[in-house]
There are 4 protein chains.
Amino acid sequence: MSKTIETRRDHACLIVHGPDQRGLVSAVTTLITRNGGNIVSLDQHSDDPEGGAFFQRVVFHRPSLSAAIPDIEADLAQTLDAFQVEWNLSDMSVPKRMAVLASTSDHCLLDLLWRERRGELPVTIPMVISNHTTMVEDVRSFGVPFFHVPSQGPDKSVAEAKILELLQGNVDFIVLARYMQIISPEFLQQVGVPVINIHHSFLPAFIGAAPYRKAKERGVKLIGATSHYVTEELDEGPIIEQDVIRVTHAETAADLQRMGANVERAVLSRAVQWHAEDRVIRHHNHTIVFN
Amino acid sequence: MSKTIETRRDHACLIVHGPDQRGLVSAVTTLITRNGGNIVSLDQHSDDPEGGAFFQRVVFHRPSLSAAIPDIEADLAQTLDAFQVEWNLSDMSVPKRMAVLASTSDHCLLDLLWRERRGELPVTIPMVISNHTTMVEDVRSFGVPFFHVPSQGPDKSVAEAKILELLQGNVDFIVLARYMQIISPEFLQQVGVPVINIHHSFLPAFIGAAPYRKAKERGVKLIGATSHYVTEELDEGPIIEQDVIRVTHAETAADLQRMGANVERAVLSRAVQWHAEDRVIRHHNHTIVFN
Amino acid sequence: MSKTIETRRDHACLIVHGPDQRGLVSAVTTLITRNGGNIVSLDQHSDDPEGGAFFQRVVFHRPSLSAAIPDIEADLAQTLDAFQVEWNLSDMSVPKRMAVLASTSDHCLLDLLWRERRGELPVTIPMVISNHTTMVEDVRSFGVPFFHVPSQGPDKSVAEAKILELLQGNVDFIVLARYMQIISPEFLQQVGVPVINIHHSFLPAFIGAAPYRKAKERGVKLIGATSHYVTEELDEGPIIEQDVIRVTHAETAADLQRMGANVERAVLSRAVQWHAEDRVIRHHNHTIVFN
Amino acid sequence: MSKTIETRRDHACLIVHGPDQRGLVSAVTTLITRNGGNIVSLDQHSDDPEGGAFFQRVVFHRPSLSAAIPDIEADLAQTLDAFQVEWNLSDMSVPKRMAVLASTSDHCLLDLLWRERRGELPVTIPMVISNHTTMVEDVRSFGVPFFHVPSQGPDKSVAEAKILELLQGNVDFIVLARYMQIISPEFLQQVGVPVINIHHSFLPAFIGAAPYRKAKERGVKLIGATSHYVTEELDEGPIIEQDVIRVTHAETAADLQRMGANVERAVLSRAVQWHAEDRVIRHHNHTIVFN
């Protein structure tokens, strides 16, 4: 499932997506060749060969990449203009900057800090922001700055403004690691970078409070977690990754919750890794994940 | 997950459940010993040591079992009376009689017929009933009687009366193997035996028509199935078994449906096996499954 | 894991593999475009960007494909000559012809027959050959020819010659579905088509007779199966697919064997599907599987 | 899979194993009742109803347990004497003392330290011993003593004597968390407590050096890990737990090794938890695991 961290010198990742057209793959690969690149991996998907959407991820090696990027981008702009597709080129030696927002649960937060330290995630973590101070020592022991922004009750605008100020310009994406505050649509619009969330999932769904108790009462045999991009419709954004764990009647509701936490951290860390490696393309309300 | 078929000569399965009490395990096991039984396996569960409910499944070997059953049952009645628990004793050499209700889908039905023929399910299949004739030849090629009871539109009472007549006295439990008719509360009350159903499941749930299309649009990464006992609240009965399969963006909605069918038949066959082996105890709206 | 059956009209599958070189992807995709093809899916892999081997599978749609194939093949020959790579073009509307060799076990054989009948495998089955007559009726009930070629003791040459005669020119690949005869190197050389085998696997391995008993004695917690291409070194050929199932101390050695059979048939059917869809490329003693 | 930590006040865990006999279950459960205990959970297994071995784990609640233990043990000795079985009674409020031996790899060691700190393992960790100093700071940041005992080349007796001195009387079991030194039979005999090891596993096995490279060359699709009790026959002791992870051709040998490390730590932590909760019974060269 998981992959090598491709934060490598002189490697670029090119994402292309838009309306599927004859000649597009050929145009992209020819462009890379004429700019001195050697294709290392290529994944693509077309959701309908007849007039559907096209998605491509190409990793290529190019000596002296950083100096060459402006020329390659100019060529991409000119070549792909006719195809009316969107594209993004990134230098894979530059890790993405990830902010983590958390509350009092440590399982997802510590897992991300630990994996970053072990070199398993191609990210840097410029800050952790929390509405509680529970995790301050743990976070700083990893050498990561911790900022406490208390919740302000029903009016979130002051706290959100403070968080936006901390984030602005400093991060490439945000992870809600069991951050128990609802994000306002205004915040989402202003933050300008992707926001990834994690939450528990059940088959069937249990709406409202105390889902683990309801799951226990129904005798579910699987406990799951879903990681998705946050959109204005709460918990309804494009799914990045999901997984489940098997449970039995022998587990209490508290056990289910603890086991659910283990699934949550595993699912979130995979979603974060794939996002950080530019493996995830958003399209309408779903994702294409090249992993 | 699955287990040996325990349809063995001179083996009995005793189920006990009721309020948990000190001395109950001791009373049951002493009773088996004094009736000449040797305990082969024993599973038990207590959902709360302080005033909770108690569940037990004991398999024991007793030479000349069938002759001894009346005496053992009399002893059980007398001994367990004081504990106010329910109990059931079954001779494991007698397979349960299973009726299958189906419509036009073959995947679950054929899987059950095939496993029964291979000796993997401790059941006999006295009949398959369908509201279509699609599967008549396939079913009869297994030597199993097939009865066609057409749907009657909104008023189900005629068809259900016909089905009840076929079933009455002939079956120990019923499996809805993708039977696309809603069962009326009256039918459930009159049929007098457990009814097991199978349906697809998603995280999150997709309500209403075309769930696979909605799952595709949201980009789900897991497709699941749930088998449960049928109660008056449609699809809300106690869950027996669940499972999922991993999917990606590369699958179409039709692929998801086909892969979902594979999970359905696997989940249903496990649920049927465990029910037939007396491994499932219903309690409120959930199950205890000793597997 | 499994995929849509891509046995579609006017769809071609092109496999390219050989030394990795700059410009190769571009050359292939440009060729498809200039021959009127529209790329539907493209998978590729390079085992080392510096001087490694390159593997590619491209599915493209081309109206009037069958008439155009000679021209496309001529262009491929000319274009790819300079790159010194191997390539193969196949019309995906033509199912592969699969012979099955079996002995007395039915689990793998019936699973393949059933899946072919349900349209889940893009193959035809021109014949089943067995050294026993156990399965004759089952096979013929699927409308598939059955040939009995008895084993001849230590000297296999007569039996193998008979089998070769039946196969020659009639099949595109062969599946050993628990065929309990050792295949001679001479047979392999003469048969001229890929041969796929299935066998049980354990962690750790248990050498010699009665592996399930040894696995039981060591208390293994996983039972597995491996499907691979047959080479002259028995059971040492390139692995196509593997899987495991969880077991406990409660299973007997006979249970392990029965559960192992379930894994075997699942693993074999996936390996067969992927081979039949040209998703598997052999390279040295391993495979690249684009699934 | 995993379970609630049962380190609870006034809860006892009784393990019984020996030759299966009629009346044994009844004798044990009656004994618990007459000593004021209420059975909370009971698991048992018989490997052959006719003259096989019997295994039982009973958890019971008994007010003022610690004061009552001598009386219960006296009753057990007297009652079970006639059955010639072995038994062990433990107070579940007393965590087991676990020493960890490690070398330079951190993945298994940190996982154990972390889980202990999070309260997921019913153990204390009185010491970590390593033949390297790589992990000293990490270990001490968890408040756990770290002792450095350098390897002494081929003659291990001096280093082993030093380790034995540190361990003697201070620990209830030992975990080899990627400890890259071979343990001598003399050490095993003198240490007097169970030793748990973890190592990678493959289907098929790859003997000798560089197993991940060999696995890559053969194109394995699953990478696994096995945790077992250490016996004099290196890596051949009773298996406690195993698991695998799916890999593809896209992973390098280094990826396989990294993914293998993830499986190793998950498998080891489950094995340690089950051992610490008295869920594992050794019998000949295998285990019965009540989980």
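Computed from a predicted model, the values in this text were never measured in an experiment.

Structural notes on the interface of chain B and chain A
Facing 36 residues of chain B, the contacting portion of chain A comprises 36 residues. Taking both sides of the interface into account, the surface hidden between chain B and chain A amounts to around 2,700 Å²; carbon and sulfur atoms contribute 53%. A per-residue breakdown of the area chain B buries against chain A is headed by L203, R218 and H249 of chain B, which together make up 28% of the total. Viewed at the interface, chain A and chain B are joined by 4 salt bridges. Linking D243 of chain A and R246 of chain B is a salt bridge whose minimum nitrogen-to-oxygen distance equals 3.7 Å. Scanning the region where chain B abuts chain A turns up 22 residue pairs in polar contact (both at pLDDT 80 or more). Listed by contribution, the elements that provide at least two residues to the side of chain B that touches chain A are α7 (211-218), β10 (222-229), β11 (239-246) and β13 (286-289) of chain B. Element by element, the count of residues in the side of chain B that touches chain A is highest for β11 of chain B, at 7 residues. The residue inventory of the side of chain B that touches chain A, partitioned by class, reads 15 nonpolar, 11 polar and 10 charged.

A word on the UniProt feature "domain: ACT" (unreviewed entry) in chain A
In this numbering, the UniProt entry assigns the feature "domain: ACT" (unreviewed entry) to residues 13-94 of chain A. Secondary structure within residues 13-94 of chain A divides into 34% helix and 38% strand; the distance between the first and last C-alpha atoms comes to 11 Å.

Quick look at the domain arrangement of chain A
Residue and element names in this part refer to chain A. Its domain assignment divides chain A into domain 1 (11-91) and domain 2 (96-289). The C-alpha-based centres of domain 1 and domain 2 are spaced at 31 Å. In this assembly, 10 residues from domain 1 lie in contact with 7 residues from domain 2. Both faces considered, domain 1 and domain 2 share a buried interface measuring about 690 Å² in area, 62% of it formed by carbon and sulfur atoms. Contact with domain 2 buries area across many residues of domain 1, yet I15, F55 and R57 alone supply 59% of it, more than any other trio. The interface formed by domain 1 and domain 2 includes 0 salt bridges. Our enumeration of links across domain 1 and domain 2 arrives at 3 residue pairs in polar contact (both at pLDDT 80 or more). Broken down by secondary-structure element, the contributors of at least two residues to the side of domain 1 that touches domain 2 are β1 (11-19) and β3 (53-61). In terms of residues, the side of domain 1 that touches domain 2 owes the most to one element, β3, which gives 4 residues.

Observations regarding the sheet that holds strand β5 (residues 96-102) of chain C
Residues and elements named next belong to chain C. Strands sit in the order β7-β6-β5-β8-β9-β10-β11 across an open sheet of 7 strands; the sheet is mixed. Only two strands of the sheet have a single partner each, and these edge strands are β7 (146-148) and β11 (239-246). Within this sheet the neighbouring strands show an average axis-to-axis angle of 20°, counted without direction. Pairing of strand β10 (residues 222-229) with β11 involves 7 bridges; the strand directions are antiparallel. From the neighbouring strand, L222 faces β11, where its bridge partner is R246.

Notes on the UniProt feature "active site" (unreviewed entry) in chain A
Sequence positions flagged by UniProt for "active site" (unreviewed entry) are, in local numbering, D235 of chain A. Here D235 of chain A shows up in the loop between β10 (222-229) and β11 (239-246). Excluding residues within four positions of it along the chain, D235 of chain A makes contact with N197, H199 and H228 of chain A together with R218 of chain B. In terms of polar contacts, D235 of chain A uses its side chain to reach the side chain of N197 of chain A, at 3.4 Å.

Reading guide: rules and limits
Residues numbered from 1 in each chain as written. Chains lettered and ligands numbered in written order. Predicted model: local features only at pLDDT ≥ 70, side-chain atom pairs only at ≥ 80, totals over all residues. Heavy atoms only, no water. Contact = heavy atoms within 4.5 Å. Buried area = accessible area lost by both parts, 1.4 Å probe. Salt bridge = Lys/Arg side-chain N within 4 Å of Asp/Glu carboxyl O. Polar contact = N/O pair within 3.5 Å; in protein donor to acceptor, adjacent residues only side chain to side chain. Helix = DSSP H or I, 4+ residues; strand = E, 2+ residues; numbered from the N terminus. Nonpolar A, V, L, I, M, F, W, Y, C, P; charged D, E, K, R; others polar. UniProt positions renumbered as here; feature names shortened; annotations may be inferred. Domains from an automatic or database assignment. Pairing = 2+ DSSP bridges. Axes fitted to C-alpha atoms, helices over the stretch in contact; angles between N-to-C directions.

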